[in-house]
Amino acid sequence: MVTRGFNLGVDFAGGSKATVRFKSDPSEDRIRVALEKVGIAGDKITLQRSGQRIGQGAPRHEMIVTVPDIPKDKIIEALEKHYPQAAPPAGLTNLNNGGAREIAIILLEKDPLSFRTNLPPGDAEKEYNRFAESVIRYRTSAPAGLITELNQIPVDGFDAKFREALPKFFYAGEFSLIGFENVGPQVGQDLQRRAVLVTLVSCLGMLVFIAFRFEWIYGVAAIVATLHDVIVTLGMFSLFQWEISLTFIAAILTLIGYSMNDTIVIFDRIRETLKVRRREDLVKVTNDALNQTLSRTIIASGLTFLSVVALLLFGGEVLKSFSLVLVIGILIGTYSSIAVASPIMIWWKRREEGQRQQQETEKKALKKKGAGESNAVKVESKTTAKSAPAR
């Protein structure tokens, strides 16, 4: 973590993230070159293919483009001008990037069906708006997630001349910008501070609760085990340079709660066992408590692990960091509840017991020494009295 650092996402480092859907499998090299041609430094461009989702039908070729803080128009400009092999038709609008309002405005301005002349005032705008919204609905529900050919756009319920009019003003571009996020550097730093604060406050709250419910050393042991889980997870993200986003923070807080719950179950069993077996060795009591809760721990953790693995495999790119944190955290958290929290508690209790026994031994020694000195003084007094000459 110290040498490699973290791959902070747009949420924390600031910048722009665009999700772009392409007609066919996109070329990362061509996308990178297109962005560099509008002045974006190559080392500041991050491209990540988006995973497929369950039940989405035809594959959707999506790419997540992360760049420094720039407006989305510049990304669209770069891809429109430099990504397609052939230059886009001059004077035409990419139907895959326009919204319903933009399409309706162009149609109303060009008025290809002479609605403004033939229909009552206001009806032409309504009719073009209705058709534009129909185009957007078709684009959203299309198998590939965007319009591949203009003649595929249904005109049911509209004038058939729409089909002839569309190619005069629009074209089906190679890509569609389906998502865009922009976070400034100041906002990113503020989110970073808040994320750290939320994590620390949650740990402190759990420490206070466990200290109140059990003993403070139980709380410390649980917090140390939880920090162990968080540090190992952070280390894995640093090692493989997986992106850290706000979803990651949500997953870390979930992991803290899950790991703490597992530890509390074991501590609760230890406390209940100690009530009826006060004179037995703490190590044996703890070992018995671990064995009694082991089956519950394995079943609960195993089922949760299978769920998050399914989420990781089929949940898509948005849930990837969340799933990764939980997959790692459940494995490490199950181990730490058994092999970290309980040994810390035992070590501290033995340390306390050793100190108490040492103090008692020292008290006894001092008492014995005091008694010995007193007896010696008495013997010396008697000897002195006997040896003194009688007057």
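About the criteria used
Residues numbered from 1 in each chain as written. Predicted model: local features only at pLDDT ≥ 70, side-chain atom pairs only at ≥ 80, totals over all residues. Heavy atoms only, no water. Helix = DSSP H or I, 4+ residues; strand = E, 2+ residues; numbered from the N terminus. Expected span 1.5 Å × (residues − 1). Buried < 20%, exposed > 50% of the residue type's maximum accessible area, 1.4 Å probe, protein only. Axes fitted to C-alpha atoms, helices over the stretch in contact; angles between N-to-C directions. Parallel < 35°, antiparallel > 145°, perpendicular 65-115°, else oblique. Left-handed = near helix turned anticlockwise from the far one by under 90°. Contact = heavy atoms within 4.5 Å. Nonpolar A, V, L, I, M, F, W, Y, C, P; charged D, E, K, R; others polar. Core = buried A, V, L, I, M, F, W, Y, C linked by side-chain atoms within 4.5 Å. Lys, Arg positive; Asp, Glu negative; His and termini not counted. Salt bridge = Lys/Arg side-chain N within 4 Å of Asp/Glu carboxyl O. Polar contact = N/O pair within 3.5 Å; in protein donor to acceptor, adjacent residues only side chain to side chain.

(A) Up close: helix α6 (residues 123-141). Compared with an ideal rise of 1.5 Å per residue, which puts 19 residues at 27 Å, α6 spans 27 Å between its outermost C-alpha atoms and is within 8% of the ideal. For α6, every residue scored as buried is listed here: A124, E127, Y128, F131, A132, S134, V135, I136, Y138 and R139.

(B) Quick look at the packing of helix α4 (residues 100-110) against α6. Put simply, α4 and α6 touch, their axes get as near as 8 Å, and they point 135° apart. Classed by the angle they form, the pair α4 and α6 counts as oblique. The interaxial crossing formed by α4 with α6 has right-handed handedness. Contacts from A100, R101, I103, A104, L107 and L108 in α4 reach A124, E125, Y128, N129, F131, A132, E133, V135 and I136 in α6. In terms of residue class, the contact of α4 with α6 is built from 11 nonpolar, 1 polar and 3 charged.

(C) Just the nonpolar core, in detail. Ranked by internal contacts, the top residues of the largest apolar core, which has 41 residues, are Y218, F267 and M345. Among the secondary structure elements, those contributing two or more residues to this core are α8 (185-213), α9 (216-240), α10 (246-276), α11 (282-314) and α12 (320-387). The greatest single-element share of this core, amounting to 12 residues, is contributed by α12. The contacts of M345, once residues within four sequence positions are left out, are Y218, A221, F267, I270, L282 and T286. The next biggest cluster of nonpolar side chains, apart from the first, holds 25 residues, and it includes I103, Y128, F131 and F162.

(D) Looking closely at the side chain of R139. Checked against the element boundaries, R139 lands in helix α6. One buried charge, R139, has no salt-bridge partner; the nearest side chain with opposite charge is E102, at 7.7 Å. A polar side-chain atom of R139 sits 2.8 Å from the main-chain carbonyl oxygen of L95. Here N96 takes part through its backbone oxygen, which lies 3.1 Å from a polar atom of the side chain of R139. Beyond its immediate stretch of four places on either side in the chain, R139 contacts L95, N96, N97, G98, G145, L146 and I147.

(E) View of the environment of R21. Considering the arrangement of structural elements, one finds R21 in strand β2 (residues 15-22). Under the relative-accessibility criterion, R21 is labelled buried at 9%. As for R21 and I178, which are separated by 157 residues in sequence, their C-alpha atoms are 6.7 Å apart. A distance of 2.7 Å separates the side chain of R21 from the side chain of E62, its partner in a polar contact.

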